[in-house]
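Here is what each chain is made of, one letter per residue.
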Amino acid sequence: MNSREDVSPVRQENEPLKCEGCGVKLQTEDPAKLGFVPEQALRKEPVICQRCFRIKHYNDLSGATLNQDDFLNILSGIANTSSLVVHIVDLFDFEGSLIPGLQRFIGNNPVLLAVNKTDLLPKATNPNRILNWAQRQAKEFGLKTVDIVLVSAKKNTGFDQLLERMDAHRKGRDVYVVGATNVGKSTLINRLIRDYSDLNAELTTSPYPGTTLDLVRIPLDYGKAIIDTPGIVYQHRVTELVNKKELPVILPNAALKPMVYQLNEEQTLFFGALARMDFVRGDRQSFTCYVSDALKLHRTKLERADELYAEHKGTLLQPPALEHLEELPPLVKHAVRIQRGSKTDVLISGLGWITANGESGAELVIWAPKGVKVAQRPALI
Ligand SMILES: Nc1nc2c(ncn2[C@@H]2O[C@H](COP(=O)(O)OP(=O)(O)OP(=O)(O)O)[C@@H](O)[C@H]2O)c(=O)[nH]1
Ligand SMILES: [Mg+2]
């Protein structure tokens with residue numbers, strides 16, 4: 001990535017002063033509103049808002065975030081530009097983090113799909129298989145892409161390829177990095193800044209969705225830039241519905257360890273009190289769960305399941321903890337039929353997925369918080 005050191009990473013002439021961490025317009029009047037910065041902090045370099053300061057130094061995401069319409073308005077501006085769009089998806093929640101109808105926002109600009117967080121895959125996973133799978137799934141979803149790359153912004157893999165493809169496809173234009181909240185847009189750009197440029201800039205990142213608040217321009221060459229954008233909030237992801245305090249348990253932070261359960265029909269698996277899988281009918285078979293290590297699974301008989309949930313939600317069965325139980329929408333049922341002969345994942349958006357190996361068919365009922373996306377797909381692994 002070529003860069004020009006003489007340009008301030010964010011500030012453009014005649015533009016209001018913006019936070020260099022999250023892009024929000026700065027103000028010194030109201031500490032309760034977004035973009036607040038104490039007067040004396042304006043003289044510091046880089047200038048960041050109080051919210052970014054807190055995230056950075058205390059890992060504390062306080063204050064309001066934007067609403068969905070604001071995010072969509074910001075994104076829609078891309079349609080009027082001539083640029084390359086890098087759409088980042090989170091491999092842990094592939095279908096949940098793809099942007100349906102992306103073309104509506106970005107016009108005819110080409111899309112490079114970057115599948116991030118590949119470090120979460122179990123160690124022995126074959127990258128070619130994942131790439132082919134991602135290509136098929138993106139196509140299935142109706143997403144037109146000029147290229148797909150697998151990356152890990154955390155572990156710094158796939159970046160040589162990403163940069164090479166980005167350079168080839170951007171043809172001297174701006175690059176907009178878009179995606180759902182929390183997929184790693186800002187972390188990925190930070191990696192590019194740190195390892196592939198001599199700029200002194202750092203975007204704010206955090207484990208909480210909704211960190212970046214407005215466009216942030218990072219200069220490339222000849223006045224062109226790579227632009228970080230706020231993530232789109234999708235309420236169909238468990239991670240957007242739970243209290244932020246529960247996120248460390250739900251979000252995996254190391255390679256997934258598949259957990260295999262041999263189940264008989266009429267057995268139930270609880271995922272904390274966030275979701276539940278009833279194996280209603282089928283031969284004894286194995287189900288492999290890909291969820292965060294920290295999330296406790298609990299097996300019981302189907303006939304006992306309602307009672308167990310009623311008695312132990314928020315205690316034995318958690319997250320959510322008792323004090324956050326009320327914030328979560330009620331669990332609702334999704335009937336799922338696994339066909340014999342097709343190894344299938346059942347995705348619970350934001351929480352992970354369960355693989356049924358398809359040696360024999362199965363009838364399942366998945367319970368998930370109302371609004372959460374539950375989807376079937378060909379097995380990823
Ligand atoms: N395991 C893993 N975690 C990652 C990776 N990239 C980012 N993360 C984590 O994902 C979380 C969100 O990262 P951000 O860079 O703030 O995500 P974002 O897409 O900019 O989020 P918003 O600004 O809220 O839209 C952070 O906790 C990151 O550490 C990755 O490659 N692997
Ligand atoms: Mg961000």
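Located above this text is the structure these notes cover.
First, a word on scope: everything that follows refers to the structure included in this document. Small disclaimer: the values here were computed from a predicted structure and weren't measured.

**Description of the packing of helix 6 (residues 159-170) against helix 7 (residues 185-196)**
- Where helix 6 meets helix 7, the closest approach of the two axes is 12 Å, and the angle between their N-to-C directions is 95°. Considered as vectors, helix 6 and helix 7 are oriented roughly perpendicular to each other. Within the contact between the two elements, helix 6 uses Phe-159, Asp-160, Leu-162, Leu-163 and Met-166 and helix 7 uses Leu-188, Arg-191, Leu-192 and Tyr-196.
- When grouped by side-chain class, the residues that make up the contact of helix 6 with helix 7 number seven nonpolar, no polar and two charged.

**Here's the deal with unusual backbone geometry**
- Here the amide bond leading from Glu-45 into Pro-46 is cis, since omega sits at -5°, within 30 degrees of zero.
- Mapped onto the elements of the fold, Pro-46 is located in the segment before helix 1 (50-58).
- Omega for the peptide link from Gln-318 to Pro-319 comes to 10°, which places this bond in the cis form.
- Mapped onto the elements, Pro-319 comes out in the loop between helix 10 (302-312) and strand 12 (331-338).
- For Lys-117, which is not a glycine, the phi torsion comes out positive at approximately 70°.
- Structurally, Lys-117 is set in the loop between strand 2 (111-116) and helix 5 (127-140).
- Notably, Glu-266 is not glycine yet its phi reads approximately 65°, a positive angle.
- Looking at the secondary structure, you find Glu-266 in the loop between strand 7 (259-263) and strand 8 (267-271).

**A short note on the site of ligand 1**
- Around ligand 1, 22 residues are found, and the nearest of them are Asp-119, Lys-185, Thr-187, Gly-210 and Thr-211.
- Note that a nitrogen atom of ligand 1 is positioned 2.6 Å from one of the side-chain N or O atoms of Asp-119.
- Alone, ligand 1 offers 660 Å² of accessible surface; in the complex the protein occludes 90% of this.
- At three residues, the largest contribution of residues to the shell around ligand 1 is made by helix 7.
- Residues belonging to the shell around ligand 1 are distributed by class as follows: five nonpolar, 13 polar and four charged.

**Observations concerning the coordination of the magnesium ion (ligand 2)**
- Bound to the magnesium ion (ligand 2) are the protein donor atoms Ser-186 (OG) and Thr-212 (OG1), situated 2.0 to 2.2 Å from the metal. With a gap of 26 residues between them, Ser-186 in helix 7 and Thr-212 in the loop between helix 7 and strand 5 (216-219) connect regions that are remote in the sequence.

**So, the sheet that holds strand 15 (residues 362-369)**
- The five strands lie next to each other as 11-8-9-15-12, forming an open sheet whose pairing is antiparallel. Lying at the two open borders of the sheet, with one neighbouring strand each, are strand 11 (297-301) and strand 12. Direction aside, the axes of adjacent strands within the sheet are offset by 20° on average.
- Relative to strand 15, strand 9 (residues 275-281) is paired through five bridges, and the arrangement is antiparallel. Residue pairing across strands places Arg-281 opposite Glu-363, the latter belonging to strand 15.
- Sitting on the sheet, helix 10 is in contact with strand 8, strand 9, strand 11 and strand 12, with an inclination near 125° to strand 11.

**Overview of the environment of Ile-48**
- For Ile-48, the position within the fold is in the segment before helix 1.
- Distance in space between the C-alpha atoms of Ile-48 and Arg-299 is 48 Å, their sequence separation being 251 residues.
- Apart from residues lying up to four places away in sequence, Ile-48 is in contact with Cys-19, Glu-20, Gly-21, Val-37, Phe-53 and Lys-56.

**Description of the nonpolar core**
- Formed by 61 residues in total, the largest nonpolar core has its most connected members in Val-86, Phe-94, Leu-113, Val-115, Leu-162, Met-166 and Ile-226.
- Ignoring sequence-local partners within four residues, the contact set of Ile-226 consists of Met-166, Val-175, Val-177, Ile-189, Leu-192, Val-216, Arg-217, Ile-218 and Leu-220.
- In this structure, Leu-269, Met-277, Cys-289 and Val-372 belong to the second largest nonpolar core, which totals 34 residues.

**Concerning the pattern of salt bridges**
- Following the criterion strictly, the structure yields 17 salt bridges and no others.
- A salt bridge links Asp-167 to Arg-170, with the shortest nitrogen-to-oxygen separation between them at 3.5 Å. Remark: Arg-170 and Asp-167 occur in helix 6; sequence separation between them is three residues, near one turn of the helix.
- One salt bridge in this structure joins Glu-363 and Arg-281, with 3.0 Å as the shortest N-O distance. Pair noted here: Glu-363 is in strand 15 and Arg-281 is in strand 9, with a separation of 82 residues, a long-range link.
- Within the structure, one salt-bridge network assembled from shared partners comprises Glu-95, Asp-345 and Arg-377.

**A few points about the pairing of strand 6 (residues 225-228)**
- The two faces of strand 6 match: Ala-225 and Ile-227 on one face and Ile-226 and Asp-228 on the other face are all buried.
- Inspection of the sheet shows strand 4 (residues 174-179) paired to strand 6 by three bridges, in the parallel sense. If you follow Tyr-176 over to strand 6, its bridge partner there is Ile-227.
- Here strand 5 runs beside strand 6; their pairing, made up of four bridges, is antiparallel.

**Side note on helix 6**
- With 12 residues, helix 6 extends 16 Å from end C-alpha to end C-alpha; this agrees with the ideal 16 Å at 1.5 Å per step.
- Buried within helix 6 we find Phe-159, Leu-162, Leu-163, Met-166, His-169 and Arg-170. End-on view of helix 6: buried residues confined to an arc of 140°, all on one side of the axis.
- At its buried positions, helix 6 is contacted by strand 1 (83-90), strand 2, strand 3 (147-150), strand 4, helix 7 and strand 6.
- Count one or two residues on from helix 6 and you reach Lys-171, which has phi positive near 45°.

Thresholds applied
Residues numbered from 1 in each chain as written. Chains lettered and ligands numbered in written order. Predicted model: local features only at pLDDT ≥ 70, side-chain atom pairs only at ≥ 80, totals over all residues. Heavy atoms only, no water. Axes fitted to C-alpha atoms, helices over the stretch in contact; angles between N-to-C directions. Helix = DSSP H or I, 4+ residues; strand = E, 2+ residues; numbered from the N terminus. Parallel < 35°, antiparallel > 145°, perpendicular 65-115°, else oblique. Contact = heavy atoms within 4.5 Å. Nonpolar A, V, L, I, M, F, W, Y, C, P; charged D, E, K, R; others polar. Near = heavy atom within 4 Å. Polar contact = N/O pair within 3.5 Å; in protein donor to acceptor, adjacent residues only side chain to side chain. Areas by Shrake-Rupley, 256 points an atom, 1.4 Å probe, with all protein chains shown as cover. Donors = N, O, S within 2.8 Å, 3.2 Å for Na, K, Ca; no water. Pairing = 2+ DSSP bridges. Core = buried A, V, L, I, M, F, W, Y, C linked by side-chain atoms within 4.5 Å. Buried < 20%, exposed > 50% of the residue type's maximum accessible area, 1.4 Å probe, protein only. Salt bridge = Lys/Arg side-chain N within 4 Å of Asp/Glu carboxyl O. Expected span 1.5 Å × (residues − 1). Arc of directions from axis to C-beta.

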